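Examining the three-dimensional arrangement
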Amino acid sequence: MTDHTHNTLTCDQLLGMLTDYLDGQSRDEICHEIEAHISGCNNCRVVVDTTRRTISLVHACNDKPLSIPEDVRERLFQRLNLDDHSALKSNPS
Amino acid sequence: MNVQLQPSFSIEALRSGDRDEFTRLVDAYSGPIYGLGLRMLRREQDAEDVLQNTFVKVLQNIRGFEERSSLSTWIYRIAANEALMMLRKMRPEVNLDDQGADGDEDFMPVQFVDWGALPEETLESGEAKVHLERAIEALPESLRVVFILRDLEGLSIKETSEALNLTETNVKTRLLRARLNLREKLSVYFGEQYFKGVEK
């Protein structure tokens, strides 16, 4: 990515604002500046789109809660002296 | 665990030693904490140690929990400290305080393949998921722990900063670097699929 300007924002500045923008935490005027920039800068548009897609893929791959193996749970309950409670709720799988 | 979906717990019951409530807490958080340990340390035995040590400390310290942060953030803080402490012992050469790159140049995007519009079945294939998991595993530890808490466990930037005792600015910088690092690796992988599609 070369650091050229489109409107008032440089590519470097856009990158620095990317976390807030992708997390929906940017103010409206910042969003407008970013959107104006990427409408004229193809590399930044690709970076914004594919970073957003990367995050959504991470979420898609992580949609099922990780359950611990039953033997790991048993040892955990023993260590916590909760053996008599270990049958209270089976581990979600 | 997505913390937005976390069940609520009675702090009073936990403080007074209610074993049923503590069991509920352990069952709700053991998966995410084990996952954090596994992703940070990569070995099941080490992840189990993180899991056990975390809940032993939760049990020992719940009476002194002052609710300056949420219960969830407090538990993640204990777990992250456990995992980072084990990492320091195992690999003292790892610098957990750096931001994962010597300079800004190291995380500047260099791949500009527009793979975002590839079909869902390509993007979410089993092979792509394996590739993504490997890319997460390969992140520098100082970035990986931030990425796990924010993007995998769903903590907010503020909660992640509280759990790791970092400033919010530092969390955002590390998160950006982690995300861009993964994007670069996925761009190389999906780039091949993209160009196959273009050639057809």
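Each remark here, short or long, concerns the structure printed above.
Below or above, wherever it landed, is the structure these notes cover. (Residues numbered from 1 in each chain as written. Chains lettered and ligands numbered in written order. Predicted model: local features only at pLDDT ≥ 70, side-chain atom pairs only at ≥ 80, totals over all residues. Heavy atoms only, no water.)

1. Some thoughts on the overall build of chain B
For clarity, the cut-off: The way it works is that DSSP assigns letters per residue, a run of H or I at least four long becomes a helix, a run of E at least two long becomes a strand, and they are numbered from the N terminus. Think of it in three bands: residues with accessible area under 20% of the maximum for their type are buried, residues over 50% are exposed, and the middle band is partly exposed, with areas taken using a 1.4 Å probe on protein chains only. Residues count as neighbours in contact if any of their non-hydrogen atoms are within 4.5 Å of one another. Every accessible area reported is derived by Shrake-Rupley at a probe size of 1.4 Å, with residue values counting cover from the shown protein chains alone. Charge counting treats Lys and Arg as positive and Asp and Glu as negative, with His and both chain ends excluded. Note on charges: their place is set at NZ of Lys, CZ of Arg, CG of Asp or CD of Glu.
What chain B contains, in helices and strands, is nine helices and zero strands. Of the regular secondary structure in chain B, the N- to C-terminal order runs α-α-α-α-α-α-α-α-α. Across its three principal directions, the C-alpha atoms of chain B cover 65 × 35 × 30 Å. Within chain B, the fraction of its 200 residues that count as buried is 54%. Of the contacts made within chain B by residues no fewer than 6 positions apart, 71% connect residues no fewer than 24 positions apart. Total accessible area computed for chain B in this model is approximately 9,400 Å², and 47% of it derives from carbon and sulfur atoms. For chain B, the centre of its 26 positive side-chain charges and the centre of its 35 negative side-chain charges are spaced 3 Å apart.

2. Quick notes on helix H2 (residues 19–41) of chain B
Because an α-helix completes one turn every 3.6 residues, residues spaced three or four positions apart along the sequence face the same direction. All names here are of chain B. To keep it simple, the criterion reads: Working definition for bend: take the seven residues up to and ending at a residue and the seven starting at it, fit an axis to each, and measure the angle between the axes. Two N or O atoms form a polar contact when they lie within 3.5 Å of each other; inside protein one atom must be a possible hydrogen donor and the other a possible acceptor, and for residues adjacent in sequence the pair counts only when both atoms belong to side chains.
The largest bend in H2 amounts to roughly 40° and is located at tyrosine 29, with the proline proline 32 lying one to four residues further along. When you tally the buried positions in H2, you get 19 out of 23 residues, the bulk of the element. At the N-terminal end of H2, a side-chain oxygen is found 3.0 Å from the backbone nitrogen of aspartate 20, two or three residues along, and the residue is aspartate 18. Immediately beyond the C-terminal end of H2, within one or two residues, lies arginine 42, with a positive phi of roughly 70°.

3. Brief notes about unusual backbone geometry
Residues and elements named next belong to chain B. Despite not being glycine, glutamate 67 has its phi angle at roughly 60°, a positive value. Overall, glutamate 67 belongs to the partly exposed group, its relative accessible area being 45%. Although it is not a glycine, asparagine 165 sits at a positive phi angle of roughly 55°. Along the chain, asparagine 165 falls in the loop between helix H8 (157–164) and helix H9 (168–199). Exposure remark for asparagine 165: the relative accessible area of 62% places this residue in the exposed category.

4. Side note on the packing of helix H4 (residues 70–79) of chain A against H2 of chain B
Heads up, the rule is: All axes here are fitted lines through C-alpha atoms, helices being fitted over the stretch that makes contact, and every angle between N-to-C directions spans 0 to 180 degrees. We call two directions roughly parallel when the angle between them is under 35 degrees, roughly antiparallel when it is over 145, roughly perpendicular when it lies between 65 and 115, and oblique otherwise. Left-handed is the label given to a crossing in which the near helix is rotated counterclockwise from the far helix by less than a right angle, and right-handed is the label when the rotation is clockwise. Only Asp, Glu, Lys and Arg are considered charged in this grouping, and only Ala, Val, Leu, Ile, Met, Phe, Trp, Tyr, Cys and Pro are considered nonpolar; every other residue, Gly among them, is considered polar.
Closest axis-to-axis distance for the H4 of chain A/H2 of chain B pair is 12 Å, and the angle between their directions is 130°. By the angle between their axes, H4 of chain A is oblique relative to H2 of chain B. Helix-helix and strand crossings are classified by hand; for H4 of chain A and H2 of chain B the assignment is right-handed. On H2 of chain B, the residues touching Val72, Arg73, Leu76 and Phe77 of chain A of H4 of chain A are Thr23, Val26, Asp27, Ser30 and Tyr34 of chain B. Among the residues making up the contact of H4 of chain A with H2 of chain B, the classes are represented as five nonpolar, two polar and two charged.

5. Focus: the interface of chain B and chain A
To be explicit about the condition: Summed over both partners, buried area is the accessible surface (1.4 Å probe) that two parts give up on being assembled. Between Lys or Arg on one side and Asp or Glu on the other, a salt bridge is scored when a side-chain nitrogen of the former is within 4 Å of a carboxyl oxygen of the latter.
In this complex, chain B contributes 45 residues to the contact, which on the side of chain A involves 40 residues. Between chain B and chain A, roughly 4,100 Å² of surface is buried when both sides are summed, and carbon and sulfur atoms account for 63% of that area. Counting the surface chain B buries against chain A, the share from its top three residues, Asp27, Phe112 and Arg179 of chain B, is 16%. For the interface between chain B and chain A, the tally reads seven salt bridges. Here aspartate 27 of chain B and arginine 73 of chain A are joined by a salt bridge, their closest N and O atoms 2.8 Å apart. Along the contact surface separating chain B from chain A lie 15 residue pairs in polar contact (both at pLDDT 80 or more). Counting residues per element, the ones that place at least two in the side of chain B that touches chain A are H2, helix H3 (44–61), helix H5 (120–123), helix H6 (126–137), helix H7 (141–152) and H9 of chain B. Across the side of chain B that touches chain A, the residue classes break down as 24 nonpolar, seven polar and 14 charged.

6. Comments concerning the pattern of salt bridges
Between side chains of opposite charge, a pair can form as their charged atoms come close. All names here are of chain A. What the rule picks out here adds up to 25 salt bridges over all chains. The closest approach of N and O atoms between arginine 27 and glutamate 29, which form a salt bridge, is 3.2 Å. Among the salt bridges present, the one from arginine 75 reaches aspartate 71, with a minimum N-O distance of 3.4 Å. Taken together, the residues arginine 75 and aspartate 71, both in helix H4 and four residues apart, mark about one turn of the helix.

7. Quick look at the nonpolar core
Let me state the cut-off plainly: Think of a nonpolar core as a cluster: buried Ala, Val, Leu, Ile, Met, Phe, Trp, Tyr and Cys residues, connected wherever their side-chain atoms sit within 4.5 Å. For each domain, the first and last residues come from an automatic or database assignment.
Of all hydrophobic cores here, the largest spans 69 residues; its most connected members are Phe55 and Leu71 of chain B. In terms of residue count, the dominant contributor to this core is helix H4 (residues 71–90) of chain B (11 residues). The residue makeup of this core includes at least three contributed by each of domain 1 (3–90) and domain 2 (101–199) of chain B. The contact partners of phenylalanine 55 of chain B, leaving out residues within four places of it in the chain, are Leu76 and Leu80 of chain A together with Phe22, Leu25, Val26, Tyr29, Ser30 and Ile33 of chain B. Membership of the second largest hydrophobic core comes to 20 residues, among which are Cys11, Leu14 and Leu22 of chain A together with Leu176 of chain B.

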